[in-house]
Structures are given as C-alpha cells and as structure tokens.
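Given next are the chains, with one letter for each unit.
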Amino acid sequence: MVRAADCPRQGTLGTSRVLAVDAVSYPRVGLKSFPQTLPLGDHEVVLTFDDGPSPPTTGKVLAALAQECVRATFFLIGRSAFDQPDLAKRIAAEGHTIGHHSWTHPSLMRISKAAAFDQIDRGIAAIEKVLHGTAATTPSTPFFRFPGFESTPATLDFLQSRGIAVFGADLWASDWNPMTPQRELRLLTDRLAVARKGIILLHDPKGHTAAMLPAFLRYLRDNGYHIVHVVPTGPAVDFDGVP
C-alpha cells in the first residue's frame, strides 16, 4: 500500500497522499495542453519544477520543501543533471520524483523529428547515468514534460510508444518572466483560488521562485490545500518519513 510520508515536525504542510501514474491510464495530463489531467480532489495540488538542477536556487527550493515535508516532481534537463550530478542525486535522495525535460531544452517542434527524438533520448540517458550508473534510454521514471509545452504529433506518439507519460500543467505562476517574489506569490495564489486544484508548474532555477516558495507553502497550509506526490506505477512504496 502506498502511503504519504509522515512528517516529524508538527504544524507543517506535509504530503497528504501518493498518486501512482502510468502512461496507459494517464498518457497526457495537464489542462493547459490536453483534455485530461490527474484525478485530483478539491484543494489537492501537485508541485512540479522545471529546468534544473541549478545551484544555488535548486538547493533553496529543496530546503523549503524539506522544511514543510513536501514532495514534488522535478523535470530535469539532461545536460544540467550531467553538469550537476550531486544536485540531481540530492533531489532523488530527498524523496522527490525526477522526470525528464530533454537534453538541452530546445523547442522540440522547431527541430527535425530525428533531432527531437535524440533530445528526448539523450536527456533520459544522461539522468539515468547520473542516478543509476547506466546511460539507458528507458527511464526509471517514465515522466516527460516538453520544453515550453511544444509537442508535435510525432513526439507525442514517440513517447506514448515508449510508455512515457507526458505532463503538462493546470496552472503556473508565469515565473519565466522577471518579477518580485511578492508579485509571483500573488499571481500564483490568485490563479489557484480560481482553479482550486491541479498540477502547478514552477522553475527551480528562478531566484524569485526560490524566494517565494516558503510563503507559498505556508499559504497552502493555511488555506486547507493538500500536496499529492506523483510517482510511477510500480511495486508498493513505503515512506519512512522525510528528514
């Protein structure tokens, strides 16, 4: 039985439940791009971070998540994981899910089909090498997010044929734009107040996002939101708690 991690500190947000996801039941999720999203209840959110790992901001994001005993999903760029292996390993060691976000983050709809497939495979292989010692193109965690959500029918079919679930998002803070942490918090909380649930997209290399995150996690806690941690379908997982 999969159960959420118990938090050793009182009064924290915590992780409410774990949701196992496979590419058969959920091949493409996120209402910004697809007609289907994850089966989340009212006030349930999935936190996702793109474009890392990137020192020092990823470390700040991890510290904020650890303080609140929250688990998230990080869609890593293969080249960045290759360049920062210790940080990629830290993300995994702290219990977060690691998905894939291409090798160097180009638009996969603006390059050839062969080049797009290579970007997917090289990114996966780099992360598998860092985390597991073997540069396999079959991902241990078969989750992928397109850079800029720019997919094509060919790349979507390629991922589906490989049994890899594609993640879009249900809402975001537009944190790719320069802004203050306070502005980002307001944007995100206003959008969440309308959506009331969903897959949230953030970017851990952004300094304003790292600075905003502790306040956002407090907002979630104080307003009755619940964190759902997504993992790939597989053997039962038993968490012993988050340090």
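The structure contained in this document is the topic of the report that follows.

Cut-off values and rules
Residues numbered from 1 in each chain as written. Predicted model: local features only at pLDDT ≥ 70, side-chain atom pairs only at ≥ 80, totals over all residues. Heavy atoms only, no water. Helix = DSSP H or I, 4+ residues; strand = E, 2+ residues; numbered from the N terminus. Buried < 20%, exposed > 50% of the residue type's maximum accessible area, 1.4 Å probe, protein only. Contact = heavy atoms within 4.5 Å. 1 Å grid on protein atoms, 1.4 Å probe; cavity = no way out; pocket = protein on both sides within 12 Å on 5 of 7 lines; lining within 4 Å. Points joined across faces, edges and corners; volume = space filled by probe spheres on them. Arc of directions from axis to C-beta. Disulfide = S-S within 2.5 Å.

Considerations on the environment of Val45
Among the structural elements, Val45 can be located in strand β3 (residues 44-50). Residue classification places Val45 among the buried positions, given a relative accessible area of 0%. Each C-alpha atom of the pair Val45 and Asp222 lies 14 Å from the other, and the pair is 177 residues apart in sequence. With residues near it in sequence (within four places) discarded, Val45 still touches Leu192, Lys197, Gly198, Ile200, Leu220, Tyr225, His226, Ile227 and Val228.

Considering the layout of surface pockets
A volume near 160 Å³ is recorded for the second largest pocket. Around the second largest pocket, the lining residues are Asp50, Asp51, His101, His105, Arg145, Phe146, Pro147, Gly148, Phe149, Trp176, Leu201 and His203.

Concerning helix α5 (residues 153-161)
Restricting attention to buried positions, one finds in α5 the residues Thr155, Leu156, Phe158 and Leu159. The arc that holds every buried residue of α5, seen down its axis, measures 160 degrees, which confines them to one face. Exposed residues pointing more than 90 degrees away from the buried face of α5 are listed as Pro153 and Ser161. In the core, the buried residues of α5 are packed alongside β2 (28-29), α4 (113-132), β6 (143-144) and β7 (165-167). One or two positions beyond α5, positive phi appears at Gly163, with a value near 75 degrees.

Brief notes about the state of the cysteines
Considering all chains together, one arrives at 1 disulfide under this definition. Two residues, Cys7 and Cys69, share a disulfide whose sulfurs are 2.0 Å apart. Its S-S torsion of approximately 60 degrees makes the covalent link between Cys7 and Cys69 right-handed. One end of the pair, Cys7, is in the segment before β1 (17-21); the other, Cys69, is in the loop between α1 (57-67) and β4 (73-76), with 62 residues separating them in the sequence. Cys7 gets classed as partly exposed once you look at its relative accessible area, which sits at 22%.

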